[in-house]
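# Close look at the chain arrangement
Listed here are the chains, written in short residue letters.
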Amino acid sequence: MGVVPPAERAVAGIFDAGYNIGPPVRTVTEPVYGWLLNHILSFQLPAFRYTLLFLGILIFIVVLELGKRRFWCRNLCPLGALLGWFAAVPPLGLKVIKDGCSGCGTCVPACRMGAIEGTGEMSIRSRDCILCYDCKDVCEDVVIGHAMTQPVEESVGPVLALSRRQVLLSAGGGLLLPLTVGPAARPDPMPQYIIR
């Protein structure tokens, strides 16, 4: 909407100028313009009538974003509202462990979605949390973690501790699985021009 209509108006302006010059130029430009009009240009698409409206909406959203961080995602995005319904009871959502939280509030400005609230005892609204872990990185008390597990110090070790045998079995299974499935899952050949 921002490129095609101005480009088509520019092309039409060039050919209109050629048409207004007169017959010597018109005899060359009119066949070319007719071919472009029939094969490339699309002046009759009604979607382009609202270009200024959509540009105005985009500018309005950008201005709102300048006023409040992630305003679109937090207040207007329909996908975010739908995901918020499913995230109301997350299986692995972040939470603040109340026992060790000093209430310093360093996590509140770090949260890009404004999901952390409270003055003495901090809490994370799971419907707004997008699991960016910015709050976990700035938490001085190390009390932010997943709801199913207690947060651990970074020096304890890896979160997923696998033995050497488990790593080798996983790698071997990953290598052998494509050989067992192969291309038999789709009997008809895919056309070569399909990207996905």
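Report on the accompanying structure. All values reported here derive from a predicted model rather than from experimental measurement.

### A word on the packing of helix α1 (residues 4–21) against helix α2 (residues 23–39)
A pair of packed helices is characterised by two quantities: the angle between their axes and the separation of those axes. Two numbers describe how α1 lies on α2: the axes approach to 8 Å, and their chain directions differ by 150°. On the basis of the axis angle, α1 is roughly antiparallel to α2. In this structure, the crossing between α1 and α2 has a hand that is left-handed. Residues V11, A12, F15, G18, Y19 and I21 of α1 form the contact with α2, whose participating residues are V25, R26, T29, E30, V32, Y33 and L36. Residues that form the contact of α1 with α2 fall into these classes: nine nonpolar, two polar and two charged.

### A few points about a nonpolar patch on the surface
Where nonpolar side chains cluster on the molecular surface, the patch consists of L52, L55, L58, I59, V62, V63 and L66 and spans about 730 Å² of accessible area. Within the secondary structure, V62 is located in helix α3 (residues 51–67).

### Examining the packing of aromatic side chains
Applying the stated criterion across every chain, the model contains one aromatic pair. The aromatic ring of Y19 is capped on one face by R26, whose charged end is 4.1 Å from the ring centroid.

### Some points on the side chain of D134
Inspection of the secondary structure assignment puts D134 in helix α7 (residues 134–138). Judged by relative accessible area, D134 falls into the buried class, the value being 19%. Setting aside residues up to four positions removed in sequence, D134 forms contacts with A110 and R112.

### Description of the side chain of R125
By the element assignment, R125 lies in the loop between β3 (123–124) and α7. Of the residues examined, R125 reaches a relative accessible area of 18% and is grouped as buried. At 2.7 Å, the side chain of R125 and the side chain of E117 are in polar contact. Ignoring anything within four residues of it in the chain, the contact list for R125 reads G114, A115 and E117.

### Some remarks on the environment of R112
With respect to the helices and strands, R112 occurs in the loop between α6 (107–110) and β2 (116–117). Exposure remark for R112: the relative accessible area of 26% places this residue in the partly exposed category. Each C-alpha atom of the pair R112 and C73 lies 9.9 Å from the other, and the pair is 39 residues apart in sequence. Look past the residues within four positions of R112 in its chain and what remains in contact with it is R69, R70, R74, I130, C132 and D134. Only 2.7 Å separates the side chain of R112 from the side chain of D134, close enough to count as a polar contact.

### A closer look at the pattern of salt bridges
Taken as a whole and assessed by the stated rule, the structure comprises two salt bridges. Across the pair D134 and R112 runs a salt bridge, and its minimum N-O distance is 2.7 Å. In this pair, D134 sits in helix α7 while R112 sits in the loop between α6 and β2, placing the two residues 22 residues apart along the sequence. R125 is the salt-bridge partner of E117, the closest N and O atoms lying 2.7 Å from each other.

### What to know about the nonpolar core
Core analysis: the biggest nonpolar cluster contains 15 residues, and V96, I116, I124, C135 and I144 have the highest contact counts within it. Setting aside anything within four residues of it in sequence, one finds C135 in contact with L94, C107, I116, I124 and I144. By size, the runner-up hydrophobic cluster in this structure holds five residues, among which are A12, F15, Y33 and L41.

### A look at unusual backbone geometry
Within the chain, L131 stands out as a residue other than glycine whose phi angle is a positive 55°. Here L131 is to be found in the loop between β3 and α7. Located in the positive-phi region is Y133, a residue other than glycine, with phi close to 65°. Residue placement: Y133 occurs in the loop between β3 and α7.

How each quantity is defined
- Residues numbered from 1 in each chain as written.
- Predicted model: local features only at pLDDT ≥ 70, side-chain atom pairs only at ≥ 80, totals over all residues.
- Heavy atoms only, no water.
- Axes fitted to C-alpha atoms, helices over the stretch in contact; angles between N-to-C directions.
- Helix = DSSP H or I, 4+ residues; strand = E, 2+ residues; numbered from the N terminus.
- Parallel < 35°, antiparallel > 145°, perpendicular 65-115°, else oblique.
- Left-handed = near helix turned anticlockwise from the far one by under 90°.
- Contact = heavy atoms within 4.5 Å.
- Nonpolar A, V, L, I, M, F, W, Y, C, P; charged D, E, K, R; others polar.
- Patch = residues over 30% accessible without salt bridge, like charges linked within 9 Å, V, L, I, M, F, W, Y side chains within 5 Å.
- Areas by Shrake-Rupley, 256 points an atom, 1.4 Å probe, with all protein chains shown as cover.
- Salt bridge = Lys/Arg side-chain N within 4 Å of Asp/Glu carboxyl O.
- Phe/Tyr/Trp six-rings, centres within 6.5 Å; stacked < 30°, edge-to-face > 60°.
- Lys NZ or Arg CZ within 6 Å of the ring centre and 35° of its normal.
- Buried < 20%, exposed > 50% of the residue type's maximum accessible area, 1.4 Å probe, protein only.
- Polar contact = N/O pair within 3.5 Å; in protein donor to acceptor, adjacent residues only side chain to side chain.
- Core = buried A, V, L, I, M, F, W, Y, C linked by side-chain atoms within 4.5 Å.

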